[in-house]
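# Coordinates in review
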Amino acid sequence: MKTILIMNGPNLSMLGKRDPKHYGSGTLQDLEQACICKGIELGVEVQCFQSESESAIVSKLHRSMGKIGGIVLNAGAYTHYSIAIRDAIELIHIPVMEVHLSDIHNRESFRNQSVIEAVCARQYCGMGVKGYLLAMEDLVKEYFKEDADTVAAPADELSVERAAIDEIDRQMIRLFEQRMKHADRIARIKAKSGTAILATNREQEILEKAGGSVDEEYAEYARQWMQETMRLSRERQSEVNTKE
Ligand code: DQA
């Protein structure tokens, strides 16, 4: 299965906090989620990458050689002056679709010029998140054609659902891991300040929220699931606390 890399440059991590007139109100996570769903529909794998740094973007472009089938790139402000990113795009021989949420041609004059345009396959701007999705469709249509019969054949209903569940499972595991990392940090803070590990009221509140946020038939399972998560987190905190 071919992979599309969704690359976002500086300040795009702040979507949701930037001017909604140009960038909409969604966050980067919403944008990446929409691309992941589009990938499922198109039968391609999607990887997401964001960095504030020019060198990280250049390195990621280099590392994509031979691994990535196509790239959807919003280079942010680097679009207007980074010859380093331009040169990297040129040398990797991977089709790159240039995307901008806003219409760079109808904004301040310093945004009108793109130094990467000439080495990108196409430019999409002023369409918000839709531009990313369109760019993905065009990548598959125009560059993944030779695989179309075997790989990117329209996904049937069952495989779309399976792929969606796989993605959700991956995200759940990632979220669980993140939660445990925060539990670790909280434990360290609490150990220093001597605060008790158990915050019974808070835990009770979370259990109620978990039960209340799903249909009645799943409420008890949601509560049990959250309870187990919090138990593991508390256990982890106790471990850290006794070590510190
Ligand atoms: C942008 C436009 C750029 O001029 C700006 O610096 C950005 C975002 C866009 O998505 O519209 O950061 O690339």
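Residues numbered from 1 in each chain as written. Predicted model: local features only at pLDDT ≥ 70, side-chain atom pairs only at ≥ 80, totals over all residues. Heavy atoms only, no water.

## Topic: the pattern of salt bridges
Applicable threshold: Salt bridges are counted wherever a side-chain nitrogen of Lys or Arg sits within 4 Å of a carboxyl oxygen of Asp or Glu. For the purposes of this entry, the term helix denotes a DSSP run of H or I that reaches at least four residues, the term strand denotes a run of E that reaches at least two, and both are numbered from the N terminus.
On inspection of all chains with the given rule, the structure shows 18 salt bridges. Here Glu90 ties to Arg86 by a salt bridge, and the two come within 3.1 Å at their closest N and O atoms. A residue pair is termed a helical-turn pair when its members lie 3 or 4 positions apart in one helix, as Glu90 and Arg86 do in helix α4 (residues 83-92) at four residues. Residue Arg223 is joined to Glu220 by a salt bridge in which the shortest nitrogen-to-oxygen separation is 3.1 Å. Taken together, the residues Arg223 and Glu220, both in helix α8 (residues 216-243) and three residues apart, mark about one turn of the helix.

## Details of the domain arrangement of the protein chain
Quick reminder of the rule: Note that the domain bounds reflect an automated or database-derived domain assignment.
Split by domain assignment, the protein chain resolves into domain 1 (3-150) and domain 2 (157-243). Inter-centroid distance (C-alpha atoms) of domain 1 to domain 2 is 33 Å.

## Concerning the packing of aromatic side chains
Short version of the rule: Centre distance within 6.5 Å is the pairing criterion for rings of Phe, Tyr and Trp, where only the six-membered ring of Trp is used; planes under 30 degrees apart are then read as stacked, over 60 as edge-to-face, and the remainder as tilted. Only protein chains enter the accessibility calculation, which uses a 1.4 Å probe; a residue whose area is less than 20% of its type maximum is buried, one above 50% is exposed, and one in between is partly exposed. Definition used: whenever NZ (Lys) or CZ (Arg) falls within 6 Å of the ring centre and also within 35 degrees of the ring normal, the charge is taken to sit over that ring.
Scanning the model with the defined rule gives one aromatic pair in all. With 5.8 Å between their ring centres and 65° between their planes, Tyr78 and Tyr81 make a pair best called edge-to-face. You can call Tyr81 exposed: its relative accessible area is 51%. In this structure, Arg18 is placed above the aromatic ring of Tyr23, and the distance from its NZ or CZ to the ring centre is 4.2 Å.

## Topic: the site of the ligand
Short version of the rule: Any residue with at least one heavy atom within 4 Å of a molecule or strand is counted as near it. Contacts described as polar in this section are N or O atom pairs within 3.5 Å, which, within protein, must combine one atom able to donate a hydrogen with one able to accept it, while residues neighboring in sequence count only if both atoms come from side chains. All accessibility values rest on the Shrake-Rupley procedure with a 1.4 Å probe; residue burial counts only the protein chains present in the view. We call Asp, Glu, Lys and Arg charged. Ala, Val, Leu, Ile, Met, Phe, Trp, Tyr, Cys and Pro are nonpolar, and the rest, Gly among them, are polar.
Arg18, Tyr23, Asn74, Gly76, Ala77, His80, His100, Leu101, Ser102, Ile104 and Arg111 make up every residue found near the ligand. Side-chain polar atom of Arg18 to an oxygen atom of the ligand: 3.1 Å apart, as the coordinates give it. Separating an oxygen atom of the ligand from a backbone N or O atom of Leu101 is a distance of 2.8 Å. Contact with the protein chains removes 98% of the 320 Å² of surface that the ligand exposes when unbound. Considering only residue class, the shell around the ligand consists of four nonpolar, five polar and two charged.

## Things to note about helix α7 (residues 200-212)
Keep this limit in mind: Multiplying 1.5 Å by the helix residue count minus one yields the expected span of that helix. Should any heavy atoms of two residues lie within 4.5 Å, those residues are counted as being in contact.
Along its 13 residues, α7 runs 18 Å from first to last C-alpha, staying within 8% of the 18 Å computed at 1.5 Å per residue. On the buried face of α7, the contacting elements are α8.

## Some details on the pairing of strand β1 (residues 3-8)
As a reminder, the rule being used: Should DSSP find at least two bridges between two strands, the strands are regarded as paired.
Burial analysis of β1 places six of its six residues in the buried class, the great majority of the element. Side-chain alternation along β1 places Thr3, Leu5 and Met7 on one buried face and Ile4, Ile6 and Asn8 on a second face that is also buried. Of the strand pairs in this sheet, β1 and strand β2 (residues 45-50) are connected by six bridges, and their pairing is parallel. Across the sheet, the residue bridging to Met7 is Phe49, located in β2.

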